[in-house]
Amino acid sequence: MSTDQATTSGDGVRAPGPTTTPRPSPRGLLRAARATAAPLLALLLMAGVAACATPAPEEDVPPYAAATQGDPEFEGTFRHEFADVDGVRMHYVTGGSGTPLVLLHGWPQTWYGWWSIMPELAEHHTVYAVDLPGLGDSTGSPTGYDKATLAGYVHTLIADELGVDGAAVVGHDLGAAVAFQYAARFPEDTDRLGYLDLPLPGPGIDASAYRSMSWHIAFHSQPGIPETVVGDDVRDYLALFYPQVSFNGTAFGGTSDRSPFTEAEIDEYARTYARPEALAGGFDLYRTLDEDVRDTVEAEPVDVPALVMTAQGQLDPVRATVDTRMTDIVRAVEVPGAGHWLVEENPEFVTAELLRFLDG
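Since we're looking at a predicted model, the values are computed, not measured.

Visitor: Would you take a moment to explain the overall build of the chain for this structure?
Guide: The number of helices and strands found in the chain is 16 helices and 8 strands. Within the chain, the proportion of its 360 residues that are buried is 50%. Sequence-distant contacts in the chain: of pairs separated by 6 or more residues, those separated by 24 or more amount to 71%. When the accessible area of the chain is evaluated, it comes to approximately 17200 Å², of which 52% is carbon and sulfur surface.

Visitor: Which parts of the structure should I look at to understand the nonpolar core?
Guide: Most often, soluble globular proteins have nonpolar side chains that are buried together. Among the nonpolar cores identified, the biggest contains 101 residues, and Trp107, Met118 and Tyr195 are the most heavily contacted of them. For this core, the leading source of residues is helix H6 (residues 174–185), giving 9 residues. Those residues in contact with Trp107 that lie beyond four places of it in its chain are Asp173, Leu174, His220, Tyr237, Leu238, Phe241, Tyr273, Gly282, Phe283, Leu285, Tyr286 and Trp341.

Visitor: Any chance you could explain the pattern of salt bridges here in plain terms?
Guide: Oppositely charged side chains are able to pair whenever their charged atoms sit close together. Within the structure shown, the criterion is met by 14 salt bridges. Here Arg287 and Asp284 are joined by a salt bridge, their closest N and O atoms 2.8 Å apart. Residue Arg287 and its partner Asp284 are located together in helix H12 (residues 276–287), separated by 3 residues, close to a single helical turn. A relative accessible area of 22% means that Asp284 is categorised as partly exposed.

Visitor: I tried to follow empty space enclosed by the protein on my own but got confused; where do I start?
Guide: Gaps between atoms show up when a probe of the same size as a water molecule is rolled over them. Inspection of every chain in the model, using the stated rule, returns 2 cavities of 30 Å³ or more. Put simply, the largest cavity is a space of about 50 Å³. If you go around the largest cavity, the residues you meet are His105, Gly106, Gln109, Thr110, Gly113, Trp114, His172, Val343 and Glu344. Residue composition of the lining of the largest cavity, grouped by class: 2 nonpolar, 6 polar and 1 charged. The volume enclosed by the second largest cavity comes to roughly 40 Å³. Lining of the second largest cavity is provided by Lys147, Ala177, Phe180, Gln181, Leu200, Pro201, Asp292 and Thr296. Of the residues forming the lining of the second largest cavity, the biggest block, 3 residues, is contributed by H6. Within the lining of the second largest cavity, the residues separate by chemical class into 4 nonpolar, 2 polar and 2 charged.

Visitor: Looking at this structure, how should I read the pairing of strand S5 (residues 167–172)?
Guide: Looking down a regular strand, the side chains alternate between one sheet face and the other. Counted residue by residue, S5 has 6 buried out of 6 residues, so it is predominantly covered. Burial along S5 is two-sided: Ala167, Val169 and Gly171 and Ala168, Val170 and His172, pointing in opposite directions, are all buried. Judged from the 4 bridges that link them, strand S3 (residues 99–104) and S5 form a sheet pairing that is parallel. Looking at S5, one finds that Leu101 is bridged to Ala168. Judged from the 6 bridges that link them, S5 and strand S6 (residues 190–196) form a sheet pairing that is parallel. Paired with Val169 across the two strands is Leu193, which belongs to S6. The handedness of the S5 to S6 crossover, carried by H6, is right-handed.

Visitor: Honestly, the side chain of His172 in this entry has me stumped. Any pointers?
Guide: By the element assignment, His172 lies in strand S5. Sequence-distant contacts of His172, defined by excluding residues within four places in its chain, comprise Leu104, His105, Gly106, Gln109, Trp114, Leu196, Asp197, His340, Trp341 and Leu342.

Visitor: Just to check I follow, could you spell out helix H10 (residues 234–244) for this structure?
Guide: Each full turn of the α-helix corresponds to 3.6 residues, which orients residues three or four apart in the same direction. Along H10, the residues that are buried comprise Val234, Tyr237, Leu238, Phe241, Tyr242 and Pro243. Elements in contact with the buried residues of H10: helix H8 (215–220), helix H9 (225–230), helix H11 (263–273) and H12.

Definitions and limits used
Residues numbered from 1 in each chain as written. Predicted model: local features only at pLDDT ≥ 70, side-chain atom pairs only at ≥ 80, totals over all residues. Heavy atoms only, no water. Helix = DSSP H or I, 4+ residues; strand = E, 2+ residues; numbered from the N terminus. Buried < 20%, exposed > 50% of the residue type's maximum accessible area, 1.4 Å probe, protein only. Contact = heavy atoms within 4.5 Å. Areas by Shrake-Rupley, 256 points an atom, 1.4 Å probe, with all protein chains shown as cover. Core = buried A, V, L, I, M, F, W, Y, C linked by side-chain atoms within 4.5 Å. Salt bridge = Lys/Arg side-chain N within 4 Å of Asp/Glu carboxyl O. 1 Å grid on protein atoms, 1.4 Å probe; cavity = no way out; pocket = protein on both sides within 12 Å on 5 of 7 lines; lining within 4 Å. Points joined across faces, edges and corners; volume = space filled by probe spheres on them. Nonpolar A, V, L, I, M, F, W, Y, C, P; charged D, E, K, R; others polar. Pairing = 2+ DSSP bridges. Right-handed = clockwise from strand over helix to strand, strands pointing away.

Distances and angles like these do not, on their own, reveal function.
Set out below in structure tokens:
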């Protein structure tokens, strides 16, 4: 984000050079002196006023740009954009060059969850990191938070509004389910599918079994209750939640309370989820599990090349839910030393695997 800066320059005053006859009169000399002194005096007065004036405040930075303000990697490569898609104003960040790569976040994150690895990805690909409809800085109410509906919004943005054909689509967490539906519904516009750390709701695990996997899935699935409980304490809730599904966190049977997120990252996510409609929309991602199971069962198996990446120790249970729905898994790998937050906990490994897959 740049700010406009005003610069002021003064004109130099050059004394008259030697003259020849006729010799000017004393009155003429006085007139010339006054003419020369007038602009000089004006310049001095202007300088004095400027020195005494209070500097103008910098231009206000839009909230969506605050997290990347002053970041040279961002400002040199990426930009924030918006597009209106079927009544939803969708926010996305784009930059780089090469074949198109669409990145889809999960809960409770936004496009910013990809930020640490986007600069390297952008050296090889044109990156589109999207805020899902109604979440992050995308505003408005999508017609549903089931993953097939959300995939439709993303496809309209990427293929119709931006005119991008044949993108690689990579999703993490519930964004992985959106990426799956994108590939299933729009195979002609999907070159590759990256599927990161999510048991796929569908024939391998129904909605009831899915909700029983973790307290937070059951809790978030309840109508109206999570919004009421969390209320104005969004940041506190997120800060407590992130460590639970980190490496060796309590969700994995461990005892660690270490969070891989910085305070600034938590602030950024809390900023967006503090909007009541975004908080409710995030929980709606869980409340649509029955629809997600139905849509996955009804979808044609995805036959584009696919990469599956999971937390350490979670590959087998995730593969059990995706093997019958993806017919061309070219690589499946666990991320060493990572819990659910693959990018934050081992960014180098994730980046290398993505580039190997995308450029292979």
